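Chain by chain, the residues run as shown.
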Amino acid sequence: MTAATRPGLLVTRRLPSAVEARAARSYNVEINAADGPWAGAELVARAQGRDGLLVTVTDRLDAETIEKLPETIRIMASFSVGLDHINLDAAAKRGIVVTNTPDVLTDATADIALLLILGAARGASPGMTAIRERTWANWAPTGMLGIGITGKRLGILGMGRIGRAVAARARAFGMAIHYHNRRRLDEAAAEGAVWHETVEDLLAHSDILSVHCASTAETRGLLDARTLALLPKGAVVVNTARGDIVNDDALIAALQSGHIAAAGLDVFNNEPNIDPRYRTLPNTFLLPHLGSATLETRNAMGFRALDNLDEFFAGRRPRDQIVP
């Protein structure tokens, strides 16, 4: 394929260098060198004359933006597993293929979930603050007491690939695994985990709750004042899925009251402009959306997105095609 016949590809954010190099070999590519998210109008303008888009979770591809994309755009390959940033109905209406990158970020995200469980339960944030601000006076038998996780019940909300990987790690810490999923796993996949038919029943049996469900109309705002109250007093809440599954007012109130002992959060509503109250709470352990943030994982995500683009432009159905 000559340079003149390569498909035109717009890449909306900077990607790892190996991914960018591969894209440049296969496509007439424009990469967002400034690396700031483009507003819808600018994205539409830059898409002119392109055949495909390689987008990320920071792109807001709502119905209005998708409707205004040039007719030449035939595929949107998303550098993500979740697709809540893309209006899939609007893409289907336009006949634009949408793909994602499943499988490749499972271990990295599960590792972060365990980091959040340990960091929140053991009070890592105030401990680090004491070191950095030189307020740690001395070791004390009753100082900085956290929550031990061995023997605790870990409730997993969403027992997909990542949820099962978290369960495997948690078993090594001696945790008892409980879960809620749209479908009950078979015995081999569950590996002894206890299934709960309803979210409410899972919450009542979760000393630590780890959120791994997709963001959908049914799950947005799922953890609100009513559902958080179902958790045992002193529970820990961890979220590596999507910020909009949690109602911030409700979680902050539960953290302030002590009903929720601690929270470990890697995702937020309106990130990076998170609710500032989280920063003031000593019982929060906060990370800036690091779930997939290893070089190995981000390379794998980029290569998977390019695999899907390569398949599409070769006239084959992409492996990870979601729409149509």
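Residues numbered from 1 in each chain as written. Predicted model: local features only at pLDDT ≥ 70, side-chain atom pairs only at ≥ 80, totals over all residues. Heavy atoms only, no water.

S.K.: Break down the sheet that holds strand β10 (residues 235–239) for me, citing the residues and quoting the values.
M.R.: Taken together, seven strands build an open sheet; the order of strands is β8-β7-β6-β9-β10-β11-β12 and the sheet is parallel. For this open sheet the edge positions go to β8 (194–195) and β12 (284–286), each flanked by a neighbour on one side alone. Sheet topology places strand β6 (residues 153–157) next to strand β9 (residues 208–211); four bridges connect them, and they run parallel. Following the sheet pairing, Ile156 is matched in β9 by Ser210. Its contacts with the sheet put helix α7 (residues 161–171) on β6, β7 (176–180) and β9, and the angle it makes with β6 is roughly 170 degrees. (Pairing = 2+ DSSP bridges. Helix = DSSP H or I, 4+ residues; strand = E, 2+ residues; numbered from the N terminus. Contact = heavy atoms within 4.5 Å. Axes fitted to C-alpha atoms, helices over the stretch in contact; angles between N-to-C directions.)

S.K.: Tell me about the layout of surface pockets, and please be specific about residues and values.
M.R.: By volume, the second largest pocket is sized at about 230 Å³. For the second largest pocket, the full set of lining residues is Ser125, Pro126, Met128, Thr129, Arg132, Tyr278, Arg279, Leu281, Pro282, Thr284, Phe285 and Leu286. If you list the elements that add at least two residues to the lining of the second largest pocket, you get α6 (124–132), α12 (277–280) and β12. A per-element tally of the lining of the second largest pocket places α6 first, with five residues. (1 Å grid on protein atoms, 1.4 Å probe; cavity = no way out; pocket = protein on both sides within 12 Å on 5 of 7 lines; lining within 4 Å. Points joined across faces, edges and corners; volume = space filled by probe spheres on them.)

S.K.: Can you lay out helix α13 (residues 295–313) for me, pointing to particular residues and giving the numbers?
M.R.: For α13, built from 19 residues, the straight-helix expectation of 27 Å at 1.5 Å per residue is met to within 8% by its first-to-last C-alpha distance of 27 Å. For α13, every residue scored as buried is listed here: Thr297, Asn299, Met301, Gly302, Arg304, Ala305, Leu306, Asn308, Leu309 and Phe312. Turning to α13, the residues buried within the fold contact β1 (8–11), α1 (17–26), β3 (52–55), β4 (75–78), β5 (97–99) and α5 (106–121). Gly315 sits one or two positions beyond α13 and adopts a positive phi of about 90 degrees. (Expected span 1.5 Å × (residues − 1). Buried < 20%, exposed > 50% of the residue type's maximum accessible area, 1.4 Å probe, protein only.)

S.K.: So what's going on with empty space enclosed by the protein? Residues and values would help.
M.R.: Taken as a whole, this structure holds one cavity of 30 Å³ or more when the rule is applied. Estimates place the volume of the largest cavity at around 40 Å³. Lining the largest cavity, in full, are Asn239, Gly243, Val246, Asp248, Leu265, Val267, Phe268, Asn269 and Tyr278.

S.K.: Help me get a handle on the packing of aromatic side chains, residues and values and all.
M.R.: Under the criterion given, the structure shown has three aromatic pairs. Residues Phe312 and Phe313 carry aromatic rings whose centres are separated by 5.1 Å and whose planes lie at 80 degrees to one another, so their mutual orientation is edge-to-face. Residue classification places Phe312 among the buried positions, given a relative accessible area of 16%. Put simply, the rings of Tyr27, Phe312 and Phe313 touch in pairs and so form one group of aromatic residues. (Phe/Tyr/Trp six-rings, centres within 6.5 Å; stacked < 30°, edge-to-face > 60°.)

S.K.: Report on the environment of Val237, specifying residues and quantitative values.
M.R.: By the secondary structure assignment, Val237 is in strand β10. In this structure Val237 comes out as buried when scored by relative accessible area, which is 1%. Beyond its immediate chain neighbours, meaning those up to four positions away, Val237 contacts Leu209, Leu223, Leu228, Leu231, Leu251, Ile260, Ala262, Ala263 and Gly264.

S.K.: Summarise the side chain of Thr240; cite the residues concerned and give the values.
M.R.: Structurally, Thr240 can be placed in the loop between β10 and α11 (248–257). Assessed through its relative accessible area of 9%, Thr240 is described here as buried. Among the polar contacts made by the side chain of Thr240, one reaches the side chain of His212 at a distance of 3.4 Å. Setting aside its immediate chain neighbours within four residues, Thr240 contacts Thr109, Ile112, Ala113, Leu116, Val211, His212, Asp266 and Val267. (Polar contact = N/O pair within 3.5 Å; in protein donor to acceptor, adjacent residues only side chain to side chain.)

S.K.: An account of the sheet that holds strand β13 (residues 321–323) is requested, with residue identities and associated values reported.
M.R.: Strands sit in the order β2-β1-β3-β4-β5-β13 across an open sheet of six strands; the sheet is mixed. The sheet is open, and its two borders are formed by β2 (28–31) and β13, each paired with just one other strand. Ignoring which end each strand starts from, the neighbouring axes of this sheet average 25 degrees apart.

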